[in-house]
Amino acid sequence: MSQSIFQRANTLRAAFLACNVEPLEPAEMERYYVDLSLVRKTSAIDNVSTILDFQEAGDFTTILFTGHRGCGKSTELKKIQSLWENNYRVIYLEANEETDINDTRYTDLYLIVIKQVEFELRKLGLTFNQALLKSFESWFKDITQENEQSVEKSVNVEAEATLSPTAPFLAKLMVKLLAQIKGSDKQKTTIRQTLEKDLSRLKSDTNLLLSDAYAKLRQKFPQCKGLLIIFDNLDRVPPAVAEHLFFDYAAQMQELNCTIIYTVPISILCSPKNPLNQFDGDPHIIPMINIYKFERHKCDLNYDQTGLDAMASVIEKRVDIDAIFESRNQLLELAKASGGHVRQLMQMMRSACQTASTRKHTKIISEDIEYAVKQQQFSFERFIPEEHYAHLAQVCLTKNVSKDEIGQLMLFNTSVLEYNGDKRWNYPNPVVKRNEFFQEALQSVQKQ
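Trainee: Just checking my understanding: could you explain helix α8 (residues 130-144) for this structure?
Mentor: Side chains three or four residues apart in an α-helix point the same way, a direct result of the helix having 3.6 residues per turn. The end-to-end C-alpha separation of α8 is 21 Å, in line with the 21 Å expected for 15 residues at 1.5 Å each. Those residues of α8 that sit buried are Leu133, Phe136, Glu137, Trp139 and Phe140. Axial view of α8: buried residues confined to an arc of 160 degrees, hence all on one face. Turned more than 90 degrees away from the buried face of α8, the exposed residues are Ala131 and Asp142.

Now the structure itself:
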């Protein structure tokens, strides 16, 4: 790899801290970002950039972005944010911070959009058209039976980052409603039933505000093509919730007057309903880094050195390998056990640092790697249902996950990983392959 201009971690403690599993923030990109598009064999990022480039000012599109949790989607989305912040007003948000991710409805997303766009305008010293704002506020007051006094009593302005004492009533109401949706099943049901009585009004007023926001942005920033809202972590919704959002309400998800990137659970790609068929354009997939030499009918695949080196480079960008590992072979063993999953690699790296330090080793040695990999293996063993092992064995033999509920669950919990590029194929997570129940299931299937 090329020599970094930044000081890399050269102690176990520093290496532990440097291998944080959190997505890279824009300020960390230069120091830690590794372009893995060639070994992922995907052009998802370039394709999204092309769409944003081709789009004329004032046009809108809905972009779907998917991949396993922890594969690096958030870092890539923040890269997109950095690349396009001079052409779009980009709002990056984490859906799980705004609503109940286990029970999300599209009406929640509308409320989030209103809240975030109002806040973005206020940061720029802009405001919605007062007539539009008052009309929307009056409608919300009527349907929710809320007023300035009831909202003021419930909202802690100092604790909510998007508010200030001068924030309009609508902003404070959105904060209150979204907090209630996250916090109480009874209140969540009441709010949704109330909004669903007049969905057309909710949609039309939201779009009037979005169109007004676009006009204000263009007036202040003539080069701005419009709003780009990135809904990250929406891929964390369970498969049943994902089908509800992206199948039952696919039309409503695409009807907002702004460009939106939705993250989508990769498991939904295996839904027999084919919900994403209702969206314009194919989903943009961030697959695993391919560390294998693919052979459809071979059970135990050989490793591809280019893929392994690319996986290792994610650590090498942050850590002085000579100072931290007894030899580079230990790092490659971690890369093999990761299956090409970036977060899993980081988790095992941190575990190895902790173990080596606890055992008073000066560097990470093979037994520290083995312990870290086993902890990942045990973690999977705790949640994989026994009936899944026969299906996992079939995936190992066929390189294809079943298009049913079990297949979706195995992709969702990353016991099965997706690889992409010239071919799309699946393979069991390597730490799952170590499990004795998996090995028994594999032997049983091979005897049939």
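Additional details are given in the paragraphs that follow.
Trainee: Is there a simple way to explain unusual backbone geometry in this structure?
Mentor: Positive phi, close to 65 degrees, is recorded for lysine 399, a residue that is not glycine. Position of lysine 399 among the secondary structure elements: in the loop between α20 (388-398) and α21 (405-412). Residues other than glycine seldom take positive phi values, yet threonine 414 does so here, at roughly 65 degrees. Position of threonine 414 among the secondary structure elements: in the loop between α21 and β6 (416-419). Looking at threonine 414, the relative accessible area reads 10%, which means it is buried.

Trainee: Mind showing me how you'd approach the nonpolar core here?
Mentor: Side chains of a nonpolar character, in soluble globular proteins, are inclined to be buried together. Ile80, Ile261, Ile315, Val319, Phe325, Met349 and Ile364 are the most contacted members of the largest nonpolar core, which totals 85 residues. Looking at this core element by element, the count peaks at 8 residues for helix α18 (residues 342-358). Setting aside anything within four residues of it in sequence, one finds isoleucine 315 in contact with Cys19, Ile321, Phe325, Leu331, Leu345, Met346 and Met349.

Trainee: Please clarify how the pattern of salt bridges should be interpreted in this entry.
Mentor: A side chain of one charge can pair with a side chain of the opposite charge if their charged atoms are brought near each other. Tallied over the full model, the rule gives 28 salt bridges. Of the charged contacts in the structure, one is a salt bridge between arginine 328 and aspartate 309, with a shortest N-O distance of 3.2 Å. Taken together, the residues span a long stretch of sequence, with arginine 328 in helix α17 (residues 328-338) and aspartate 309 in helix α15 (residues 305-316) at a distance of 19 residues. In this structure, arginine 424 and glutamate 418 form a salt bridge, with 3.3 Å as the shortest nitrogen-oxygen distance.

Trainee: Explanation requested: the side chain of threonine 66 in the structure shown.
Mentor: On the secondary structure map, threonine 66 appears in strand β1 (residues 62-67). Engagement of the side chain of threonine 66 in a polar contact is seen with the backbone oxygen of valine 264, the distance being 2.6 Å. Separated by 3.3 Å, the side chain of threonine 66 and the backbone nitrogen of isoleucine 266 make a polar contact. Setting aside residues up to four positions removed in sequence, threonine 66 forms contacts with Lys73, Val264, Pro265, Ile266, Leu269, Pro283, His284, Ile285 and Ile286.

Trainee: Explain the environment of lysine 399 here, please?
Mentor: On the basis of relative accessibility, which here comes to 0%, the residue lysine 399 falls in the buried class. In this structure, the C-alpha to C-alpha distance between lysine 399 and proline 26, residues 373 residues apart in sequence, is 36 Å. Leaving out residues up to four positions away in the same chain, lysine 399 has contacts with Phe294, Glu295, Arg296, His297, Lys298, Cys299, Leu301, Gln394, Trp425, Asn426 and Tyr427. Among the polar contacts made by the side chain of lysine 399, one reaches the main-chain carbonyl oxygen of arginine 296 at a distance of 3.1 Å. Polar contacts involving the side chain of lysine 399 include one to the main-chain carbonyl oxygen of lysine 298, which spans 2.5 Å.

Trainee: Sorry, what's going on with the confidence of the model for the chain here?
Mentor: Detailed reading of the predicted model is not advised wherever pLDDT is low. Of the residues in the chain, 98% reach a pLDDT of 70 or more, and the chain-wide mean stands at 91. Within the chain, no element has a lower average pLDDT than helix α3 (residues 37-40), which sits at 82, and none a higher one than helix α22 (residues 430-433), at 98.

Trainee: Got a minute to help me understand helix α4 (residues 44-54) in this structure?
Mentor: Of all the residues in α4, the buried ones are Ala44, Ile45, Val48, Ser49 and Leu52. For α4, the angular spread of the buried residues around the axis is 135 degrees, confining them to a single face. Turned more than 90 degrees off the buried face of α4, the exposed positions are Asp46 and Phe54. Buried residues along α4 sit against β1, α5 (73-84), β3 (227-232), β4 (259-264) and β5 (284-286).

Trainee: What's the story with the sheet that holds β1 in this structure? I'm lost.
Mentor: Two modes of strand pairing occur in sheets, parallel and antiparallel, and in both the strands are linked by backbone hydrogen bonds. Read from one edge to the other, the open sheet built from 5 strands follows the order β2-β3-β4-β1-β5, with strand pairing classed as parallel. Of all strands in the sheet, those with a lone pairing partner are β2 (89-94) and β5, marking the two edges. Strand-to-strand twist of the sheet, defined as the mean angle between neighbouring strand axes without regard to direction, takes the value 20 degrees. Relative to β5, β1 runs parallel, the two sharing 3 bridges. Within β5, the residue paired with glycine 67 across the bridge is isoleucine 286. Strand contacts of α4: β1, β3, β4 and β5, with the helix running at about 150 degrees to β5, the strand carrying the most contacts.

Trainee: What should I look at first to understand the side chain of glutamine 116 in this one?
Mentor: Structurally, the position occupied by glutamine 116 is in helix α7 (residues 106-123). The residues touching glutamine 116, leaving out its near neighbours within four places in the chain, are Ile91, Leu93 and Glu98.

Trainee: Help me understand the packing of α20 against α21 in this model?
Mentor: Between two packed helices, the angle of one axis relative to the other and the distance separating the axes together describe the packing. Orientation of α20 relative to α21, taken along the N-to-C sense of each, is 80 degrees, at an axis distance of 11 Å. As judged from the angle between their axes, α20 and α21 are roughly perpendicular. Here α20 contributes His388, His391, Leu392 and Val395 to the contact with α21, which in turn contributes Ile406, Leu409 and Met410. In the contact of α20 with α21, the residues fall into 5 nonpolar, 2 polar and no charged.

Trainee: Honestly, the pairing of strand β7 (residues 425-428) in this entry has me stumped. Any pointers?
Mentor: Along any regular strand, the residues point their side chains to alternate faces of the sheet. A two-sided burial pattern is seen for β7, the buried positions comprising Trp425 and Tyr427 on one face and Asn426 and Pro428 on the other. Examined bridge by bridge, β6 and β7 share 4 bridges and lie antiparallel to one another. Among the inter-strand pairings, tyrosine 419 is bridged to a residue of β7, identified as tryptophan 425. Between β6 and β7, which follow one another and run antiparallel, lie 5 residues, and glycine 421 among them has a positive phi close to 125 degrees.

Analysis parameters
- Each chain has its residues counted from 1, running along the sequence as written.
- Selection of residues for local features in this predicted model requires a pLDDT of at least 70, selection of side-chain atom pairs for listing and counting requires 80 or more, and totals for whole chains, interfaces and linings are taken over all residues.
- Where side-chain values are given, they derive from all heavy atoms of the structure, hydrogens and water being excluded.
- To qualify as a helix, a DSSP run of H or I must reach at least 4 residues; to qualify as a strand, a run of E must reach at least 2; elements of each kind are numbered from the N terminus.
- The length a helix should cover is 1.5 Å for every residue beyond the first.
- Only protein chains enter the accessibility calculation, which uses a 1.4 Å probe. A residue is then buried if its area is under 20% of the maximum for its type, exposed if over 50%, and partly exposed in between.
- The arc in question is the one spanned by the directions pointing from the helix axis to the C-beta atoms.
- By nonpolar core is meant a set of buried Ala, Val, Leu, Ile, Met, Phe, Trp, Tyr and Cys residues that side-chain atoms within 4.5 Å join together.
- Throughout, a residue-residue contact means that at least one pair of heavy atoms, one from each residue, lies within 4.5 Å.
- Whenever a carboxyl oxygen of Asp or Glu lies within 4 Å of a side-chain nitrogen of Lys or Arg, that contact is scored as a salt bridge.
- In the analysis that follows, any N or O atom pair within 3.5 Å is treated as a polar contact, provided that within protein one partner can donate a hydrogen and the other can accept it, and provided that, for residues neighboring in sequence, both atoms belong to side chains.
- Each residue gets a pLDDT score, which is the predictor's confidence in that residue and runs from 0 to 100.
- In this description, strands pair whenever DSSP reports at least two bridges between them.
- Axis definition: a line fitted to C-alpha atoms, limited for helices to the stretch in contact. Angles are taken between N-to-C directions and run from 0 to 180 degrees.
- Geometric relationships in this document are graded by angle, where less than 35 degrees denotes roughly parallel, more than 145 denotes roughly antiparallel, 65 to 115 denotes roughly perpendicular, and other angles denote oblique.
- Each residue is assigned to one of three groups, with Ala, Val, Leu, Ile, Met, Phe, Trp, Tyr, Cys and Pro labelled nonpolar, Asp, Glu, Lys and Arg labelled charged, and all others, Gly among them, labelled polar.

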